[in-house]
Each structure stands twice: as structure tokens, then as C-alpha cells.
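Examination of the molecular architecture
Listed below are the residues making up each chain.
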Amino acid sequence: QLGIYLAGMLEGRTPELTTDLAALENAARKVLSPEALGYIVPSAGSGSTARANLEAFERRRIVPRMLRGVERQRDLSCEVLGTRMPAPVLVAPMGVQTLAHEEGELATVRAAAAVGVPYVHSTAAAHDFEQVAAAGGDAPRWYQLYYPTDRDVCVSFLRRARATGHSVLVVTLDTTLLGWRPADLDRGYLPFLAGTGIANYLSAPSFAGVDNPVTHWAGMFPNPGLSWDDLPFLRDHWDGPIVLKGIMSTEDARLAAEHGMDGIVVSNHGGRQVDGALAALDALPGIAEAVGDRLTVLFDSGVRTGADVVKALALGAKAVLVGRPVLYGLALGGQAGVEHVLRCLLGELDITLALSGYSAPGELGPGALAG
Ligand code: FNR
């Protein structure tokens, strides 16, 4: 059962790493370079949105139920947009993972494959589609698109993503510009301008023979003009499910449904874009209620523990994506570190679910939480 039960989890875990997932950040801080630390851990502006994300999880409380005859062997597996997974958890798309560990995305995709958790490949990865696909093998992978201003590059990304086995397209809407991130600004450091995180672009046909690829990239990344009218183009060039990532309002969720999208990720990018934005968890219940019957509602931003996963599922998410904790595991132990994080998360989810009186994630609803 892919290590989701306690015994399996303990077998697979890396002994020197804590099973206290919320504490992993402190350990990771000690091994990351100042530039990597500045890029990965902090958030936009004063950090208030990132704090609000965590506080919203802290505020919601599970109401454990007793004597409900919970299955001794629970099955957390589910299918989301045609992808089977051992539990409703995915690895969030994150670029420039070589900042955390020299093997970067290759170590993460191998770990995800070992646990069976779907891996979402970022447009801003330090390894390109083909390298990640070779490392990930047949395990499930989705592709996250930053919609470039150059549509030839966009089409080449979609073709290569499909050819390398990515089944679902995740279009990130909240990063048409980079947020105001003081830690990077003060250091004058941006991985992309240092040439990290543009691997997918470098191997795009229209980059062949370009004199300065970083400048070329910088010309097509900021895309604030993006609008709902740009979505049909994706439908024309992608034959699988399409998910919009970064939806934070009920109105945008409804528009996503009206535009024929298959799913959304309720997310504020881990607080890295709009400082002062509401906590993603606070946006979730209203959105799930408005569109949950028409769209697959996914969630990220602030998931740190198995109990957090229970809370997000109870508030209407079909599955969650986990971000920074994966990079902390990567920084601390490469592939083994990421496996450790994923196994702990799934193990704690399983235990929390059972102790709260549930045999399967699908049984959770708002009634599982207080208030
Ligand atoms: C991200 N995130 C992100 N999102 C995306 O759509 N494409 C990307 O390339 C990246 N890159 C990226 C790098 C780093 C270092 C981080 C920390 C995050 C955002 C990510 O997918 C997710 O939305 C958040 O990380 C979720 O919040 P938590 O789990 O980190 O709190």
C-alpha cells in the first residue's frame, strides 16, 4: 500500500529527518545557501499572506468522532482528472529546484514516482521535459504552464509536455509578473536571470541560435495582458484536462466553469505573489460550494501536515498540492528526503483520518470541522 500505513511509513523514512513536518523548515534553513533560502522560504511583501495561510489552518479544528467502525486497512486512493493516486495529494509545481539540491527536479520526480504521488512539472524547472520524463518513468505527471507571450513557444511546450507523458495541463494565472519579494530584491538575486529555471525554454525550438537566452526569456515571461480570451487557444492545442491555478474568488471560479475548464487550484501561490491576499483556505469553502459540482476543485498554499490535508478536503478540495515542505525534504536529503516528506504526509493523513472516525477521504465534509 505504498507506505501510507504507519509500518510502511517507518520503513521508508529517512531516520535522521524529523517526522514533525512543520519543523522541517528549521532544519532546511541550516543547509540552504542564502540565495536559495531567500528564494524558497520567504514570501511576497511583508509575508502577511503566507502567515495567513498557516494561521487559517491553525484556526480550523477537526472534530474527532468515535466508535464509527473505521476500516482497519484504509484505502486513501482516488482518481483525479483521470489520474490514479494513492492519496489525494500531489507535488506542487515548483521551478528552480536545483537551488535546493543539485539533482533538483530529477530527485523530486523519482521520489514522487517511488511513492506514487503525481508530480507537476513546472515551466520554470531547472531540468526540461525530456529529462524529467526519463527520471520519472511511467509514474503520473502533470504539466504546469506559465503562458508565454510567444505562442510558438507555448505550442512547443504543450506538444513536448504531451509527448513526454504529462496528462493534465495546469495553467498558472497568478504569476504573469513576479511578486514583490524583498528577500530577492535586497540580494539582487533572481534565479532566472542567473540562467536557472529556463531549461524548458532553452530546449524550445525557437530558442535555437538565440544569442542571449536569458534576455530572450525575459521578453516573453511577463504576460500581464493575459485574459479569459487566451484560454480557447489552449483547448485547441491540448487534448487533455485543463486546470486553472491561482483562483481565489468565487466569481473567477464561476468564469472558469463557464469557459469549459476541467478544474481549478484554489491557491495564492503560497503567499508569494499578492501580499495582503486572503488565506487560500478561507477562499476554499465558498468556491467549492459555488462550483464543486461543475469543476474539480484542488487546493494549495499552507499545507504542512496530514491534519492540514484533512481540513482542506473537509472544506471541499478533491486533492491538495504540497509545495515548500517538498523542497525542505529535497534540501535535506535529495530523493530520500522528498520520499520521507511524502510518506510522512500520507502516513499522518491516514492516521488523522482514522482517529477522526473516517475510513476514506471521500467521507469528509464540512461537518468534520468545528464551527
Ligand atoms: C513555487 N510555486 C510555483 N507555482 C507554479 O505554478 N509554478 C512554479 O514554477 C512555481 N515555482 C515555485 C517555486 C518555489 C520555490 C515555491 C516555494 C513555490 C508555487 C507552488 O506551486 C504552490 O502554489 C505553493 O508553493 C503552495 O504553497 P506552500 O505549500 O509552499 O505553502
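In short, a report on the structure. Along each chain, numbering runs from 1 in the same order as the chain's sequence is written. The model is predicted, so local features are restricted to residues of pLDDT at least 70 and side-chain atom pairs to those at 80 or more, both for listing and for counting; the totals for chains, interfaces and linings are taken over all residues. Derived side-chain values reflect all non-hydrogen atoms in the structure, with water molecules and hydrogen atoms excluded from consideration.

**A closer look at the overall build of the protein**
Condition: Helix and strand definitions here come from DSSP, where helices need a minimum of 4 consecutive H or I residues and strands a minimum of 2 consecutive E residues; each element is numbered from the N-terminal end. Throughout, the radius of gyration refers to the C-alpha atoms, and the reference size of a globule is 2.2 Å times the residue count to the power 0.38. Residue exposure (1.4 Å probe, protein chains only): buried if accessible area is under 20% of the type maximum, exposed if over 50%, otherwise partly exposed. Working rule for contacts: check all heavy atoms of both residues, and any pair within 4.5 Å makes them a contact. For every accessible area listed, the method is Shrake-Rupley and the probe measures 1.4 Å; residues are considered covered only by the protein chains on display. The positive count covers Lys and Arg only, the negative count covers Asp and Glu only, and His and the chain ends enter neither. By convention, the charge on Lys lies at NZ, on Arg at CZ, on Asp at CG and on Glu at CD.
A tally of regular secondary structure across the protein gives 15 helices and ten strands. For the protein, whose C-alpha radius of gyration is 19 Å, the value lies close to the compact-globule estimate of 21 Å for 371 residues. Viewed in the frame of its principal axes, the protein has a C-alpha envelope of about 65 × 45 × 40 Å. Within the protein, the fraction of its 371 residues that count as buried is 58%. In the protein, the share of contacts with a sequence separation of at least 24, taken over all contacts with a separation of at least 6, comes to 74%. Put simply, the protein shows about 14500 Å² of open surface, and 52% of that area lies on carbon and sulfur atoms. Averaging the locations of the 30 positively and 40 negatively charged side chains of the protein gives two centres separated by 5 Å.

**Points about helix α12 (residues 250-258)**
Side chains of residues three or four places apart in an α-helix project in the same direction, reflecting 3.6 residues per turn. Applicable threshold: It is the directions from the helix axis to the C-beta atoms whose arc is reported.
Along α12, the positions that sit buried rather than exposed are Ala253, Ala256 and Ala257. Down the axis of α12, the buried set is contained in an arc of 100°. They therefore lie on one face. The secondary structure elements touched by the buried residues of α12 are β7 (242-247), β8 (263-266) and α13 (280-291). With its phi angle positive at about 75°, Gly260 sits one or two positions after the end of α12.

**Digging into the layout of surface pockets**
A water-sized probe rolled over the atoms picks out the places where empty space is left. Formally: The method works on a 1 Å grid over the protein atoms by themselves. A cavity is a set of points holding a 1.4 Å probe that cannot get out, a pocket is an open set with protein on both sides within 12 Å along at least five of seven lines, and residues with an atom within 4 Å of a point line them. Grid points are joined across faces, edges and corners, and a volume is the space filled by probe spheres set on the points. All residues other than Ala, Val, Leu, Ile, Met, Phe, Trp, Tyr, Cys, Pro, Asp, Glu, Lys and Arg, Gly among them, are scored as polar; the first ten of these are nonpolar and the last four charged.
In this structure, the largest pocket encloses a volume near 370 Å³. Lining the largest pocket we find 20 residues, and of these Leu313, Gly316, Ala317, Lys318 and Leu364 sit closest to its centre. If you list the elements that add at least two residues to the lining of the largest pocket, you get β1 (78-80), α13 and α14 (306-314). For the lining of the largest pocket, the per-class residue count stands at twelve nonpolar, five polar and three charged.

**Digging into the site of the ligand**
For clarity, the cut-off: Being near a molecule or strand, for a residue, comes down to having at least one heavy atom within 4 Å of it. Pairs of N or O atoms are called polar contacts if they sit within 3.5 Å, as long as, within protein, a hydrogen donor faces a hydrogen acceptor (for residues adjacent in sequence, only side-chain-to-side-chain pairs). Criterion for pocket placement: a molecule counts as inside a cavity or pocket if more than half of its atoms are within 2 Å of its grid points.
As a structural note, the neighbourhood of the ligand is formed by 23 residues, with Pro93, Ser122, Thr172, Asp300 and Arg304 the closest of them. At 3.0 Å from a nitrogen atom of the ligand is found a side-chain nitrogen or oxygen belonging to Gln144. In this structure, an oxygen atom belonging to the ligand sits 2.9 Å away from a main-chain N or O atom of Gly302. Protein contact buries 99% of the 600 Å² of open area that the ligand shows by itself. With respect to the pocket detection grid, the ligand is positioned in the largest cavity. At the level of elements, α3 (34-40) and α15 (324-355) are the ones that each hand at least two residues to the shell around the ligand. For the shell around the ligand, the class distribution of residues is eight nonpolar, ten polar and five charged.

**Quick notes on the packing of aromatic side chains**
Which entries qualify depends on this criterion: Aromatic contacts are taken between Phe, Tyr and Trp rings whose centres are within 6.5 Å, Trp giving its six-membered ring; a plane angle under 30 degrees counts as stacked, one over 60 as edge-to-face, and the others as tilted. Note on criteria: charge over ring means Lys NZ or Arg CZ within 6 Å of the ring centre, with the direction from the centre no more than 35 degrees off the ring normal.
Enumeration over the complete set of coordinates arrives at ten aromatic pairs. A ring pair is formed by Phe57 and Phe299, whose centres lie 5.9 Å apart and whose planes are at 75°; its orientation type is edge-to-face. One end of the pair, Phe57, is in helix α4 (residues 48-59); the other, Phe299, is in strand β9 (residues 296-299), and 242 residues separate them in sequence. Residue Phe57 is classed as buried on the basis of its relative accessible area, which comes to 2%. Look at Phe299 and you get buried, because its relative accessible area is 0%. Site record: aromatic cluster; members linked through ring pairs are Tyr39, Phe129, Tyr143, Tyr146, Phe157, Phe192, Tyr201, Phe207, Trp217 and Phe221. Lying across the ring of Trp238, Arg162 places its NZ or CZ 4.9 Å from the centre.

**What about the nonpolar core?**
Stated precisely, the cut-off is as follows: Buried Ala, Val, Leu, Ile, Met, Phe, Trp, Tyr and Cys residues that are joined via side-chain atoms within 4.5 Å together make up what is termed a nonpolar core.
Ranked by size, the top nonpolar core spans 105 residues in total, and within it Ile40, Leu145, Leu234, Ile264 and Phe299 carry the most contacts. Per-element tally for this core: the top contributor is α15, with 13 residues. Counting 15 residues, the second largest nonpolar core, distinct from the first, contains Cys78, Val80, Val120 and Val243.

**Focus on the pairing of strand β10 (residues 319-322)**
Rule in force here: We treat two strands as partners when DSSP finds at least two bridges between them. A crossover counts as right-handed when, viewed with the strands pointing away from the observer, the path leading from the first strand over the helix to the second turns clockwise.
Residues Ala319 and Leu321 point to one face of β10 and Val320 and Val322 to the other, with burial holding for every one of them. Inspection of the sheet shows strand β3 (residues 89-91) paired to β10 by three bridges, in the parallel sense. What sits directly across from Val89, in β10, is Val320. Examined bridge by bridge, β9 and β10 share two bridges and lie parallel to one another. Bridging across to β10, Leu298 finds its partner in Ala319. Once you follow β9 into α14 and on to β10, the crossover reads as right-handed.

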